[in-house]
Structure formats: C-alpha cells, structure tokens
Number of protein chains: 2
Amino acid sequence: MAIGASLPGLEKKSLREQALAALRRAITSGELRQGQHLVETELSEMLGISRGTLREALRQLEQEGLASAGPRGRLSVRHLDPKEIRDIFAVRGVLESLAARTLIEQPRRAKAVGELRDALENMDEASGRSLEDRIEADLDFHRLLCRLSGNETLLHQWQSLEGSIRMSIMFAGLERATSNMSVDRHRDIVDAIESGDAVTARETILAHMESASNNLVSED
Amino acid sequence: MAIGASLPGLEKKSLREQALAALRRAITSGELRQGQHLVETELSEMLGISRGTLREALRQLEQEGLASAGPRGRLSVRHLDPKEIRDIFAVRGVLESLAARTLIEQPRRAKAVGELRDALENMDEASGRSLEDRIEADLDFHRLLCRLSGNETLLHQWQSLEGSIRMSIMFAGLERATSNMSVDRHRDIVDAIESGDAVTARETILAHMESASNNLVSED
DNA sequence: CATATCATGAGTGTCAACGATTGTCGGATG
DNA sequence: CATCCGACAATCGTTGACACTCATGATATG
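These figures come from a predicted structure and were not determined experimentally.

Looking now at the nonpolar core. A:Leu116, A:Ile193, B:Leu116 and B:Ile193 are the most contacted members of the largest nonpolar core, which totals 134 residues. The contact partners of A:Leu116, leaving out residues within four places of it in the chain, are A:Leu103, A:Phe141, A:Leu144, A:Leu145, A:Leu148, A:Val190 and A:Ile193.

In structure tokens, the structure reads:
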C-alpha cells in the first residue's frame, strides 16, 4: 500500500485542539458574532464532537478572552469595546517591547534580524494579496519577534492575546486595519533592533501599537 | 429585612473552579513536586470529582503554565529552571510597569495611591507573620497595582502568571524569597507613581523584578 | 384586571461507564 | 541474549443520564 505518499499531513491534533482552532476561526472571522450565545449542545453537534470534549475547548477559548462567561456559566462571544481594544494593544506593546529588548541584549542577534527581515519580505509579498493574507503575514512578524526573544513565557502570553488581536482587527473592519500593516513601519522596528538601540526599539513599538489601536477604534 | 447581613457568602463555585484552586494550591505549596506526573484517575479520585470535570480544570492549569504536556497528552507538574524564572519575572516586570504608567496617566490617581499604601500597610503587618502570609500580602500588592490600572487585559495576563510566580518562589526556598518582600522597595514604587514620574516608576519596577529573580535563582 | 403560582423547557454542571489507542513492563521462548 | 507476546496503565473521546437553575408563559386566584 502506497502509504504515506498521500497522507495529507501528520498534523494529527486532538479533537479538542481542532475544535479550539475551529472556534477561534469562527469567532475571528465573524462567523460567530460578538455577544452571540455559545450553546454547548449546538456547538458539539455542529463540530461533531461530544460535549465533554467541546467544554474543554471552551475553557481554553474563555481564557484566551474570545468568550466570556455570563451568569450561570453561559458563554458568549466576547464583545470588544474601544477601550478594551486599546488595553489589549497596550499590553501587546509592552510584550513586544520586551521581546525587542531581550533580542537586543543577545550578543548574536544577527540571525534573528535576518529572520525578521524575511518576515518583512513576506509581508511585502502579501501586500498584494487578500486582506487575510496580509493580516496573517503581519501577525507572523510580530509572533516571530516574540519567539526569537527566546522567552517562552513571553511568547505564550502573546499567543494568548492573539485571538483578541484578531478580533480587534475584525471589529475594526477592513479599511482601518489596512493602514496598520505598512511594511515601512515594521522595518523601523527591525532597524532599531539591528542597531542595538533598545530605547528607540521600545518607542517605535509602543508608537506603532498606539497608532494601530487608534486606527482601529477611530470614529469616522 | 436584615437578612443577608450575616449570610457569609453564597460564593458557590463550580467544582471545576474548586478543583482548579486545589490543584494550584497543591502545586504551589509543593505538595505536588515539580515534574511529577499528573494522573487523571488518581487526581479525580483524590478530589472526589469525575474525570470529565477534572480534565477541564487540568486544561486551565496547563494554560496557566503550572502543568505541561508531555508526549501523548501526559501532563506533569511544570519544572521551572532558572532561565524560565527570569523570563517570567521579565514579563511580570513589563506588565506591572505598564500598570504603573497607566495609573500615572489617570488624572485622579490619588485614590489608587491610597489603596496601594493600604496594601503596603498590610505587607508591613504581615512581615511578622508566616512566610505564606507575607507572600500573600506581596502578591496582593502587585495584583492590586494591575487591577487599579483599569486594564482588564493586563490584570488577566498578570493573573495567568500568578501561579508561575508562586511556583518560582516555592522553587527558590523560603530564605531567598524573603529578601524580595521588603516594604521599602515597594514603597519606592508607590512614591514614583504618586509623583507622576513614569520613567522612575518603570525603572523602579524593572529593577525590583530583576533583583527579585536574581535572588530567587542565586546559587549559594 | 392584577398578581401569585406553577409547569415547562433550555442549558449548564456533573457523573459513571465504556471503547479505542498507545506506551510500558515483565516474562516466556528460541 | 535478543525478541516477541501479553497484561497493564493511562489518555482520548464518547454516550447517556440526572440534578439544578433560570426564564417564560400559562394558569389559577383575589
């Protein structure tokens, strides 16, 4: 049997993780609207999994801030108001600033800078494609920054915000999101890291995040 | 009707939350040792709850970083090495710095400063009591700082580190932990916030965290 | 008509028991 | 001694059931 050849992927994740990914996607894509009530029995049927397994996924979803619990454990898709978006981006800003600072303190950061430039490259290529691709490339860059810091806790915390970040972008609508994905602004960050200037790196990132959240919640 | 006055509290938490709290406590108190394998059937029996309910709690524990999954989903109590402790405290540092900065930017921060001074008071009183009480008072102070920032995301992220922080202190042993709980050093933070000096506040907090993690992992 | 009471339904919390899969360990066997 | 085999352990996931709580609407009562 010509095994393996056609096996699409060894990506055998547990059902719980698949369910979690599906739910994340459904929320950040707007398929499930903000405030919408998440009914265990419905969802477990839709996803074709048992309630128990689904509940495990929901717990995680809750901790990622994509769902919030009302009275009596009723979960609904979290609603993000402008203040919360600003708050999320403020936290994100300090996390990524720390990543930059950590990276700068590492003597051999040339390789990391190279990888970041590759990520910039990807963003550039994606700029012609769909908005989703661009968002993906953008988040890839920022996630990579955190990963390269070598601080697992930092990466983990950033990732636990990732869903909320996606939701914020969703919430903002597509035009406003676009202005945050300029390659140039991201290049400034990499330049600052490469030059070893921690203060500038930090200020660049914080400014980037502040303007990003301003764009996302602007009222026009 | 003078009811309720004496009603101690209808704080009926779900079994899942109680289990989670019990597990947290067991880990941060050292009752469950680092690296120890967490067997679902054993734990569910010990806690007197079903496996399903326990599993939900375990997922949460995992996301808090108190347990880590080995191959094929086997969970064990997370092992923290010195680098991880430093990493945790670095993240904690930037989170609390953000809290301080946010607090400073609020025009009416006098009340918050008052509450922080109360917390200092508590730390002072606790300094004569058991080490656990002092740890509690210390963490209360830092958690309060995050809460007063009004940034729910920030508070949430901090709390998701709280278990790891407790573990770090555990891991360090009791003597080394003590030196991190000086009231004076904490007063410096409050003073900086009160004076509205964001830069000093940030530097004070980061220095505090760096020296704290140094103390915790020092090799003597 | 207004109000109090009750039946019903939806949804979550929790449990118990089961099957499937996979890794582990102790032997029996050549 | 190496290897294969079988029992065991443990997790993943499922199913089905029951209790509890709350909202809702119907009904009975004044």
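Here we take up the relation of the copies chain B and chain A. Least-squares fitting of chain B to chain A yields an RMSD of 0.1 Å, with the superposition described by an axial translation of 0.0 Å and a rotation of 180 degrees. The superposition of one copy onto the other is thereby described by a two-fold rotation axis. Relative to the rotation axis, the C-alpha of B:Glu56 is the closest in chain B, positioned 2.6 Å from it. Comparing interface residues between copies, 100% of those in chain B also lie at the interface in chain A; the contact surface is shared.

Once that is clear, we can look at helix α1 (residues 15-28) of chain B. Because each turn of an α-helix spans 3.6 residues, side chains separated by three or four positions in sequence point in the same direction. A rise of 1.5 Å per residue sets the reference length of α1(B), with its 14 residues, at 20 Å; its end C-alpha atoms lie 20 Å apart and thus fit the reference within 8%. Packed against the buried residues of α1(B) are α3 (51-63) of chain A together with α2 (40-47), α3 (51-63), β3 (75-77) and α7 (152-172) of chain B. Once α1(B) finishes, B:Gly30 follows within two positions and takes phi at roughly 90 degrees, a positive value.

Here we take up the protein's contact with DNA strand C. Around DNA strand C sit 19 residues in total, of which A:Arg51, A:Arg55, B:Leu15, B:Ser50 and B:Arg72 are the nearest. Within 4 Å of the protein, atoms of DNA strand C come from sugar and phosphate in 73% of cases. Within the side chain of A:Arg51, one N or O atom sits 2.9 Å away from a base nitrogen of DNA strand C. Within the backbone of B:Leu15, a nitrogen or oxygen atom sits 2.4 Å from a phosphate oxygen of DNA strand C. Elements represented by at least two residues in the surface near DNA strand C include exactly β1 (37-38) and α3 of chain A together with α1 and α3 of chain B.

For the rest of this paragraph, the subject is the protein's contact with DNA strand D. Around DNA strand D, 17 residues are found, and the nearest of them are A:Leu15, A:Ser50, A:Thr53, A:Arg72 and B:Glu40. Here the atoms of DNA strand D within 4 Å of the protein split so that 72% fall in sugar or phosphate, with bases taking the remainder. Between DNA strand D and B:Glu40, the relevant distance is 3.0 Å, taken from a phosphate oxygen to a side-chain nitrogen or oxygen of the residue. Within the residue set of the surface near DNA strand D, elements represented by two or more residues are α3 of chain A together with α3 of chain B. It is α3(B) that provides the largest number of residues to the surface near DNA strand D, a total of 3 residues. Of the residues assigned to the surface near DNA strand D, the class counts are 4 nonpolar, 5 polar and 8 charged.

Taken together, the 28 residues of chain B in the interface contact 28 residues of chain A. For the pair chain B and chain A, the two sides together bury roughly 2600 Å², of which 49% comes from carbon and sulfur. Across the salt bridge formed by A:Glu56 and B:Arg59, the nearest N and O atoms sit 2.7 Å from each other. At the surface where chain B touches chain A, the tally comes to 10 residue pairs in polar contact (both at pLDDT 80 or more). Mapped onto the side of chain B that touches chain A, the elements with two or more residues apiece are α3, α4 (82-105), α7 and α10 (198-217) of chain B. The dominant element in the side of chain B that touches chain A, judged by the number of residues it contributes, is α4(B), at 9 residues. Each residue belonging to the side of chain B that touches chain A can be placed in one class, and the counts come to 9 nonpolar, 8 polar and 11 charged.

Within a sheet, adjacent strands bond to each other through the backbone by hydrogen bonds, running parallel or antiparallel. All names here are of chain A. Pairing within the open sheet is antiparallel, and its 3 strands lie in the order β1-β3-β2. Bordering the open sheet on either side are β1 and β2 (67-69), each of which pairs with just one other strand. Both β2 and strand β3 (residues 75-77) contribute to a ladder of 3 bridges, which runs antiparallel. Note that in β3 the partner of alanine 69 across the bridge is leucine 75.

Bringing helix α6 (residues 131-148) of chain A into the picture now. Residues and elements named next belong to chain A. For α6, spanning 18 residues, the distance from its first C-alpha to its last is 26 Å, which sits close to the expected 26 Å at 1.5 Å a residue. With 13 of 18 residues buried, α6 is to be regarded as a mostly interior element. Glycine 150, located one to two residues past α6, shows a positive phi value of around 80 degrees.

About the criteria used
- Residues numbered from 1 in each chain as written.
- Chains lettered and ligands numbered in written order.
- Predicted model: local features only at pLDDT ≥ 70, side-chain atom pairs only at ≥ 80, totals over all residues.
- Heavy atoms only, no water.
- Core = buried A, V, L, I, M, F, W, Y, C linked by side-chain atoms within 4.5 Å.
- Buried < 20%, exposed > 50% of the residue type's maximum accessible area, 1.4 Å probe, protein only.
- Contact = heavy atoms within 4.5 Å.
- Least-squares fit on C-alpha atoms with pLDDT ≥ 70 in both.
- Helix = DSSP H or I, 4+ residues; strand = E, 2+ residues; numbered from the N terminus.
- Expected span 1.5 Å × (residues − 1).
- Near = heavy atom within 4 Å.
- Polar contact = N/O pair within 3.5 Å; in protein donor to acceptor, adjacent residues only side chain to side chain.
- Nonpolar A, V, L, I, M, F, W, Y, C, P; charged D, E, K, R; others polar.
- Buried area = accessible area lost by both parts, 1.4 Å probe.
- Salt bridge = Lys/Arg side-chain N within 4 Å of Asp/Glu carboxyl O.
- Pairing = 2+ DSSP bridges.

On their own, these measurements won't tell you what the molecule is for.
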